[in-house]
Structures are given as C-alpha cells and as structure tokens.
Amino acid sequence: MPPPHEEEEDNEEVDIQDPGLYDMILPPEPYVWGVSHITPRPVSPHITRPPYVDRTLEFLRLGKDPARADELDEDDGDGRIKLGTVEEVKVRNAAKLAKKALAYAGSLVKPGVTTDSIDAALHEFIISHNAYPSPLLYTGFPRSCCTSVNNVVTHGIPDDRPLQEGDIVNIDVTVYLDGYHGDTSRTFSVGRVDDIAQSLVSITNEALDAAIGVCGPGKPFRGIARRVLVPGVFALSLLVMVSGGCFIGLPGFSTMYRTLVNEEPGVMLPGHCFTIEPCVVVGSNPRAWIFPDGWTASTVNGARTMYNIAVAILLVLALHTLARRKSTSGHSTSLQMAPHESKEIKVGVLGATGTVGQRFILLLSQHPYFVLSVLGASQRSAGKRYSQAVTWKQTTPIPSIARDLVIQECKPEHFKDCAVVFSGLDADVAGDIEAAFRSAELVVFSNAKNFRRDPTVPLIVPLVNSNHFSMIPQQRALHSPPLKKGFILTNANCSTTAVVVPLAALEKAFGPIESCLITTMQAISGAGYPGLPSLDILDNVVPHISGEEEKIEWETLKILGGIAEGDNGQKSFDMHSRHPLRISASCNRVPVIEGHTECVSVRFHRRPPPSPQQVREALAAYTSDAYALGCPSAPRHTIFVHEEPDRPQPRLDRDYQMGAGVSVGRVRQCRVLDIKFVVLANNVAIGAATSSIINAELAVIKGLIPSNSGSGSSHA
C-alpha cells in the first residue's frame, strides 16, 4: 500500500462507449480535508506493532505531517530473504494469515453491508491472530484495511456507505506478524454485476496469472509487463514491490518497479520476496486523482477499476506464491505454492447440520486448500439444500460455498471424490458410518468417541502428539481386507484436549508427571444443541457429566503416552506405562456458553519440582509440531500464559487465536502436590472441529493424503 501519488493533469477526452451501470463513488460533501476526524480502532498492547506506528502517533501528537512518518534510515539490503531459515518461515506465516484474513473479509461482502463494518470485523480477526493490521496508522491511514469500490483505484477508506447490488469492491489486506508483513488484495462482486464488471474481473485475474508466468531467476522485473496484454477497451497499470516495500517482508527497504513506465535494471534472484499488483481500468485512461481525504484514489473519469495483489518468494529454481487467490484463468504458471497448498483438496462433512458440523463448515469455507465439496446428514435432511435443512446457530451467516449444496445421505458412494471426510456425527450413529467410510478407502477425521479406544486408531490432539500418526500404516495393514488409503483418526474429548496441552508442555520441559487432579467447569455448548433445559442450568451448577470423568482419565494416558513395539513387530499405545500417571477428574456443567475452564494440580516425578516461574516460562515457550510444520490452522501461541490474577476467563479469552490455542493462568505453588494452574480452551474450536482440521493438515504434510484437484502442476 504505497502512498498515493496524484497523476499529472490530463485533459485528454476518453471515449468509453459503454461504461455500464454502477454507482460512481465521489467524495462526500461538504468536503472534509484529511482524516483527522476518523478515530483509529484500538489495538491491544500485547500486539507487536510495526515501527512506523509509534512514529505516526508521535508526529500526530506534535502536529507534524504523518505522511513523513515512514521515512527510515536507508537500508543496504537487497530485498531478499534467507531461504530455508526462520526468516522464510515467518514471511510465509505472515502471508498465510493475510490470505486467511482476506478470505474472511470476502465472506462478509454482500448488499447492504458497509465497508466500515467489514473493516471492524477484519480488525478483530487480525488481532485475534496476535497480528497487527498493517494499514492502520501507516503515515496516518485511519483504518485497518483499504476498501475501494467501483471507480476507486486504491486506498479507499472504509466508510458507512452500504454496498449495493452490482458494486465491485477491492479489499486490500495486510498483516504484521512476528516482525514481517503479508499483503494481499482481491476484488469481490457484490451480488450480480453487469457484463463489463465480469469482464474486468476476468481480465485482471488473467493479467495477474500472465505476470506470474513470466517470473523466474535472472528475469528482469521490468520485463513482467511486456508479457501482460489486455484488450484495447481496458488500460493496465502494473506495480512490483520488492521485499521490504510497503507491507511485504521486513519494513525498511523498498524498491518499486512501475513496470510499464521505467527501465529499472533489477533482476529476480533466489530469495526475492515481492508483490505483483496489476490494476485494470475500463477505458484507455489509467490516470487517477486523490480525494480530499488525501488517500482515496479514483479514476479521473469515474471509470471502474480492479486491483489484485499476489505475494511471492523466488526460490532457487521456481517461485512460490504465498498470499494469492487461486487461478481462475486456466493459465499455467511457474509459480507454485508449498506442495500441500499447490492443489485443492476436496473434503466432505458428515453430520453437517449439527453443532460440530456447522463449525466444520465455517472453518472450511475459509481454508487455503481444503475445498468443501459434499455435505452429509440424516435421511430426513438428504435431498434438501443445506440452507433449507439446517437450523443455523452460528454468529456469522451460512458460508456461500455451503448454502446451496444438496445434502447427501452419509454413504461412502456420495463422498468418493473426497480426499478427506470430517465427521461431526453423534456417537449413536458414528461408529458404523465411519467404519463403512474407512472400508471404502476414505480418510475419516472423527470428532466422535467411538474409535478413541480402538488399539489401532490414533487419538490425536494436534498440539500435542502428532507422532502418533505413525500408527496409521498398521491400522491399514490390520484391517480386513488391508487398506491402501483409508484410515480413521480421532480427536479427543473437548475437556481432555484442554488439559493435555499444558501437561504435554510440562512433561517436555521437566519430565514425567506422577499425579494430576482436574476439576472442570464445562460450557453448556459441550452438551450439543439444544443442550440442557434452562431450568437445569440457569442459576445452577450441575456436578455430573455422564462419562466425562472416565474420558479425561483414560484419554490423557493414551495421548501423553508413547508407542511401544512388541516382539512380533506390532505397535501399541503404551498408555504412559513407562512412567505411570494417576489422574483424578471431577466434571461440572456451568452456565457458560463456550469455553471449558479447568483447575489443575500436578505432582512431578522430578525432585525438587520446578518453580511456578519455571513452569510459566516452559508453558509460554512450548510450540506445537503443527505450527512448526506450517499447518495453516495451527495457533502461533500454543499456550498463552496470563499474568493477571483473574485470567483466563471464558468470555474474555475463548476466542483468542480463533480458539485454536489454550490459555493458562494462576500458575502457583500447590501445598498438596507441586504446581496448580487454570487452563481454558474453546470447546467448540480446538476442542472439536479445529482439532480435526489441524489433524488433517498434519496428515497432508506427512504425505498421508494426496491432493485430488488433478491440476498436474509440479513442485520445484
């Protein structure tokens, strides 16, 4: 998002024979100069900010022009990152989050919605991922993303104008995560748009694909645009920003290649990280003027425009796209994503109308490579459109990808094209259905309890025991008949999931735990919908949840235990037998909607035991394999450790990182055992659907699930 530059005045008359039907965006009257009247949205102090934010605030405090706040000491870098290092991982993670954030913002686009409300929701989404919305306070910009409607080329400030049927709106999203920026942009159609808008969308996407196809080691940046052609009724402007430029990679080094107008000598080298940003305008005049707010750039003649951004890292032999929409033009390119992201993977959901099924659908609608393809439910719902069959109980609307899907019966033949099947089925019916799917060589990730005690089925909390995937080959081999592809993998009970994450971190840091006392305060959503009668739970605590205590005490041993190999070569789960662990759980249902809170006391085998401060440090330092391996749904902070004496709390902390991690607080000495603490986990996220999805991501990365898009592109 470079600062806007007003083009030189151009009096040439431009003939647009058919501009189409749309609402031209003009600055509001009376004119308001600047953006000082717009209050920036707050950001929690624990979020790391880019360096320019504090400078902008200081400039504003002193009455200086914030447009100069991005002036930095000249950097002698070359715009390249070190491949194969943590630096590359961080750039990729920032780009992945930007891609997820853009998908989320796009899901909110519909007639009647204001761009300001989209910005507000996106702001919270980015903050919940412990990232900073990069546009906010960049040289004074007052909002967390740019929303450019119709004739607005770029840098549109989100406002209270409702989007209208036929609008096109570009959303430019950038996040600052762990010291690195990730930038991406896409133009969305609002409802039905006219033929000109459809052509504009298609041509801009094709321009982006063509530009990407030119890239490669040793290729000149200025040569990109020479391969990008658009029909004569459109005008093209194309910008390339090399690493360190506005919102890609590290702040501090910026090289802009306006590839249609300059002869810059730069060439692409391994390690270059850059954006490719085509902008296509209806008509032959690409010039723009700046609104009185100092930011919003509109075409001079009010013609519509479309703008896209792709972020890429140049590797040794090929380019990897990071934050970019999938290609729709059919062009083959030399840019590839990571192996598991280079192709779409079709997935299905069983029990799609239930509470867990609805969560699967919400998460999968925004996933970077899992594509929702088939929905399964009871015979009563089969044959109906999803929107007609479901009693939707989520806080956001039904995703468009699922709304019109026709529900199928939960039979393998309807899911034969799915590489992954997620099961949100009730335990009463899950066993036989999931077994049938496995026998049909389908891969099932189950949220039900039916196979958790199966000696060949891994019970995996993806933040803890990804090593248990090694049991899959034996499960296939022992099945009758033996399987080539199919398997079942289960995630844990929601209350078990919450406690095993900090226990795993403590055992990793300090060795075996001997004893553990757990008292749960479990949310009513854990009982499913409609849950407990109101007269049972309001003004009340129910000190019994059927089967729950036994689940925690048994599942924890399977998850934290290892895998032993017998004399016959067969593997088995050792149930923590090498260091026996005694667990006593007491489970209570409390009047909280979401978020299981658990009070935990532990005794270590190690003497003397670790101090409370050592425990805090170990919990905060714990990183899951899922995050280290690049699972897009894995939380950056596996465990967030609170210092406040009254945290964590369900209402305040359950949605941190979209509920994918756990929160721990009140770490202190225990007078009976060694250490006691409080842990909170979102039971409908990491305690349910999120766990299954991260497990599936791990399976893809480990090569247990092939992609099935049939694109045939190779990975260098």
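The residue numbers shown here count from 1 along each chain, following its written sequence. Restriction of local features to residues with pLDDT of at least 70 applies here, the model being predicted, together with a cutoff of 80 or more for giving and counting side-chain atom pairs; totals for whole chains, interfaces and linings are based on all residues. Excluding hydrogens and water, the side-chain values take into account all heavy atoms of the structure.

Engineer: Quick question: what am I supposed to make of the overall build of the protein here?
Structural biologist: Within the protein, the regular secondary structure consists of 16 helices and 27 strands. Partitioning the contacts of the protein with sequence separation of at least 6, the portion at a separation of at least 24 is 75%. Accessible area of the protein: about 30,100 Å², with a carbon and sulfur share of 51%. Every helix listed is a DSSP run of H or I at least four residues long, and every strand listed is a run of E at least two residues long, numbered separately from the N terminus. We call two residues in contact whenever any of their non-hydrogen atoms come within 4.5 Å of each other. Residue-level accessible areas treat just the shown protein chains as cover; the underlying method is Shrake-Rupley with a 1.4 Å probe.

Engineer: Sorry, what's going on with the sheet that holds strand β17 (residues 420-423) here?
Structural biologist: By way of backbone hydrogen bonds, the strands of a sheet pair with one another, either parallel or antiparallel. Strand pairing is assigned whenever DSSP identifies at least 2 bridges connecting the two strands. Read from one edge of the open sheet, six strands run β16-β15-β14-β17-β18-β19, paired in parallel fashion. This sheet does not close on itself; its edge strands, each paired only once, are β16 (408-409) and β19 (487-490). As defined by bridge partners, strand β14 (residues 345-350) adjoins strand β15 (residues 370-377) across six bridges and the pair is classed as parallel. Note on β15: the bridge partner recorded for V347 is L372.

Engineer: Would you mind going over the nonpolar core with me for this structure?
Structural biologist: Where a protein is soluble and globular, its nonpolar side chains tend to be buried together. F370, Y386, V420, F422, F445 and V602 are the most contacted members of the largest nonpolar core, which totals 86 residues. By residue number, the principal contributor to this core is helix α10 (residues 494-510), which donates nine residues. Not counting chain neighbours up to four residues away, the residues in contact with V602 comprise L503, L506, I513, S515, C516, L673, D674, I675 and F677. In this structure, I81, I118, V152 and I171 belong to the second largest nonpolar core, which totals 32 residues. Throughout, nonpolar core names a set of buried Ala, Val, Leu, Ile, Met, Phe, Trp, Tyr and Cys residues whose side chains join them through atoms within 4.5 Å. Three exposure classes are used, based on accessible area relative to the maximum for each residue type with a 1.4 Å probe and protein chains only: buried under 20%, partly exposed in between, and exposed over 50%.

Engineer: Sorry if this is basic, but what is going on with the environment of L375 here?
Structural biologist: Here L375 shows up in strand β15. Residue classification places L375 among the buried residues on the basis of a relative accessible area of 0%. Beyond its immediate sequence surroundings of up to four residues, L375 is in contact with V349, A352, I361, Y386, A402, L405, V406, I407, Q408 and F415.

Engineer: Could you clarify how one ought to interpret the state of the cysteines in this entry?
Structural biologist: Note on terminology: a disulfide is the covalent bond linking the sulfur atoms of two cysteines. A pair of sulfur atoms, both from cysteines and within 2.5 Å, is called a disulfide here. If you walk through the whole model with that rule in mind, you get zero disulfides. With no disulfide of its own, C145 lies 6.8 Å from the sulfur of C146, the closest cysteine sulfur. Note on C145: relative accessible area 0%, which makes it buried.

Engineer: Even after reading the chapter, I still don't get the packing of aromatic side chains, so can you show me in this structure?
Structural biologist: The relation between two aromatic rings is expressed through the spacing of the ring centres and the mutual angle of the planes. Here the aromatic set is Phe, Tyr and Trp, taking the six-membered ring for Trp, and pairing holds for ring centres within 6.5 Å; pairs whose planes are under 30 degrees apart are stacked, those over 60 apart are edge-to-face, and all others are tilted. Per the stated rule, a full pass over the model turns up 14 aromatic pairs. With centroids separated by 4.8 Å and ring planes inclined at 15°, the aromatic side chains of Y104 and F125 adopt a geometry described as stacked. Residue Y104 is found in helix α2 (residues 86-107), and its partner F125 is found in helix α3 (residues 115-128); the two are separated by 21 residues along the sequence. Per residue, the accessibility class of Y104 equals that of F125, and both read buried. Seen from their ring centres, Y369 and F370 are 5.0 Å apart, and the 65° between their planes marks the pair as edge-to-face. Given a relative accessible area of 1%, Y369 falls into the buried group. Clustering of aromatic rings is evident, with ring pairs tying together F360, Y369, F370, F422, F445 and F487.

Engineer: Any chance you could explain helix α5 (residues 355-364) here in plain terms?
Structural biologist: Burial analysis of α5 places seven of its 10 residues in the buried class, which makes it a mostly covered element. Within α5, the full set of buried residues consists of G357, Q358, R359, F360, I361, L362 and L364. The secondary structure elements touched by the buried residues of α5 are β14, β15, α6 (386-389), α7 (400-403), β17 and α16 (685-701).

Engineer: I tried to follow the pattern of salt bridges on my own but got confused; where do I start?
Structural biologist: Opposite charge on two side chains allows them to pair when their charged atoms are near. By convention in these notes, a salt bridge is any Lys or Arg side-chain nitrogen within 4 Å of a carboxyl oxygen on Asp or Glu. Enumeration over the complete set of coordinates arrives at 17 salt bridges. Residue R578 pairs with D574 through a salt bridge whose shortest N-O separation is 3.1 Å. Among the charged side chains, a network of salt bridges with common partners joins R41, D116, D119 and R143.

Engineer: Would you mind going over the confidence of the model for the protein with me for this structure?
Structural biologist: Detailed reading of the predicted coordinates is not advisable wherever pLDDT falls low. Each residue gets a pLDDT score, which is the predictor's confidence in that residue and runs from 0 to 100. Looking at the protein, the pLDDT average stands at 84 and 81% of residues meet or exceed 70. In this model residues 72-76 is a low-confidence stretch, pLDDT under 50, and it forms six contacts with partners more than four residues away in sequence or in other chains. Taken together, the stretch residues 243-262 has pLDDT below 50 and engages in 89 contacts with residues farther than four places along the chain or on a different chain.

Engineer: Help me out: how do you make sense of the side chain of H479 in this one?
Structural biologist: With respect to the helices and strands, the residue H479 is situated in the loop between α9 (472-478) and β19. Under the relative-accessibility criterion, H479 is labelled buried at 14%. Counting of polar contacts relies on pairs of N or O atoms within 3.5 Å, with two restrictions inside protein: one atom must be capable of donating a hydrogen and the other of accepting it, and residues adjacent in sequence are counted only when both atoms are side-chain atoms. A polar contact is formed between the side chain of H479 and the side chain of S439, at a distance of 3.3 Å. In terms of polar contacts, H479 uses its side chain to reach the backbone carbonyl oxygen of P481, at 2.7 Å. Residues within four places of H479 in sequence aside, it is in contact with R438 and S439.

Engineer: What am I meant to see in the pairing of β14 here?
Structural biologist: Successive side chains on a regular strand alternate, one facing one side of the sheet and the next facing the other. Most of β14 is tucked away: five of the six residues are buried. Crossover connection from β14 via α5 to parallel β15: handedness right-handed. Bridge count for β14 against β17 is four bridges, and the pairing is parallel. Bridging from a neighbouring strand, V347 pairs with V420 of β17. Crossover handedness is defined here as right-handed if the route from the first strand over the helix to the second strand goes clockwise, with the strands pointing away from the viewer.

Engineer: Even after reading the chapter, I still don't get the side chain of S298, so can you show me in this structure?
Structural biologist: Locating S298 in the fold gives a position in strand β10 (residues 297-299). Excluding residues within four positions of it along the chain, S298 makes contact with N151, V152, V153, R287, A288, W289 and F291.

Engineer: Even after reading the chapter, I still don't get the sheet that holds strand β24 (residues 596-604), so can you show me in this structure?
Structural biologist: Judged by pairing direction, the sheet is mixed, and its six strands sit side by side in the order β23-β20-β24-β27-β26-β25 without closing on themselves. Every interior strand has two partners, whereas the edge strands, β23 (582-589) and β25 (639-641), have only one. Sheet twist, expressed as the mean angle between neighbouring strand axes with direction ignored, is 20°. Where β24 lies against strand β27 (residues 675-681), seven bridges are found, and the strand directions are antiparallel. Looking at the pairing, E598 lines up with V679 of β27. Every axis in this analysis is a line fitted to C-alpha atoms, fitted for helices over the stretch in contact. Angles between the N-to-C directions lie between 0 and 180 degrees. The strands touched by helix α13 (residues 612-621) are β25, β26 (662-669) and β27; relative to β26, the strand with the most contacts, the crossing angle is about 165°.

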